[in-house]
Amino acid sequence: MDHPAAPDATDATDWVGRYLEQLATLRQLSPHTIDAYRRDLQQLHTLAKGMPWQQVRQADIRRLTSILHSQQLGPRSIARKLSSWRGFFGWLSEHITLAANPTDGVRAPKRPAPLPKALAVDDAVQLVSSAPPGRSPTSAELCNRAMFELLYSSGLRVAELAGLDVTYTKGGEGQSASLGWIDLDSGDVLVTGKGNKMRTVPVGSHARSALAAWLAVRPPPADGSAALFLSERGTRVSPRVVQLRLKQHAIDAGTPVHVHPHMLRHSFASHVLQSSGDLRAVQDMLGHASITSTQVYTALDFQHLAAVYDQAHPRAKAK
């Protein structure tokens, strides 16, 4: 098929108009979507300073995306624009000769990983220490209190918590050896984390007290296991049950945000780092294979310091 003569710089917008008309008539896209395409392609034409479309190269597209990034445009918006540009050049290649689609191989900047959500220290303490007013707690409430205190005290993953035994057991016929257990005498919890790596984490005094109160009323497990924490049926508690119990407990305690077990792990890491500044120790207690995974909490620590600065420094806010 013979292509029409290549257009000069003056009719670059004509090709955009023809493309948008086809999107409207053949693909029947909504006027709102057509307007979004129009804005994206007009911006491309402006950034390219009217360069004829057949002269646009991959290096030009990379340069233009860098300009957009420097203008604080987010990765999601840049990715959308690249998608618009890619579709246009794909269509244009059916009408004029292009060396290649200049958008091929060009990606938007990576989206920054969202920071983990952690509770403020006061909110975390109030949550895990919250007790029913005016009466003695039930055995189920004592179990919950011990679980929540331990999650916050030692930064355990919810699966690690659910897998804990009262003491180490070698495992008999049909049962495996303990993957984790509590040692209240030494004040430690031993868990098997990702990659089957075992680690030992200290247990705080409040968590030890909560565990002792639970162990004093804990019934023998119905499944014959050595499970530390039990469901209502008397079997080992599941991670899902821990999640649901913590969610309801947070609602009852008036915690202002949705709380899940991993939020207590994030809170543990953030609060220990705020107090100690010892990133390596936090890495060991969390069981991270790489310190890169732990460094995200330095951003949370900075956010905390920035909030303190904004509230306390007399020159922090404009008057």
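Shown above is the structure to which this text applies.
Please read these numbers as outputs of a predicted model, since none were measured by experiment.

1. Looking at the pattern of salt bridges
Oppositely charged side chains are able to pair whenever their charged atoms sit close together. The full count for this structure, using the stated rule, is nine salt bridges. For aspartate 40, the salt bridge goes to lysine 81, with nearest N and O atoms at 3.0 Å. Of the two residues, aspartate 40 sits in helix H2 (residues 31–47) while lysine 81 sits in helix H4 (residues 75–92), which places them 41 residues apart along the sequence. Between glutamate 149 and arginine 145 there is a salt bridge whose closest N-O contact spans 3.4 Å. Here glutamate 149 and its partner arginine 145 are both found in helix H6 (residues 139–154), four residues apart, which amounts to about one turn of the helix. Connected through shared salt-bridge partners, Asp40, Arg80 and Lys81 make up one network.

2. A look at the packing of helix H3 (residues 58–70) against H4
For the pair H3 and H4, the least separation of the axes is 11 Å and the interaxial angle reads 155°. One finds that H3 runs roughly antiparallel with respect to H4. At the point where H3 passes H4, the crossing takes the right-handed sense. Contacts between H3 and H4 involve Ile61, Leu64, Thr65, Leu68 and His69 from the former and Ile78, Lys81, Leu82, Trp85 and Phe89 from the latter. Residue classes in the contact of H3 with H4 are distributed as seven nonpolar, two polar and one charged.

Conventions adopted
Residues numbered from 1 in each chain as written. Predicted model: local features only at pLDDT ≥ 70, side-chain atom pairs only at ≥ 80, totals over all residues. Heavy atoms only, no water. Salt bridge = Lys/Arg side-chain N within 4 Å of Asp/Glu carboxyl O. Helix = DSSP H or I, 4+ residues; strand = E, 2+ residues; numbered from the N terminus. Axes fitted to C-alpha atoms, helices over the stretch in contact; angles between N-to-C directions. Parallel < 35°, antiparallel > 145°, perpendicular 65-115°, else oblique. Left-handed = near helix turned anticlockwise from the far one by under 90°. Contact = heavy atoms within 4.5 Å. Nonpolar A, V, L, I, M, F, W, Y, C, P; charged D, E, K, R; others polar.

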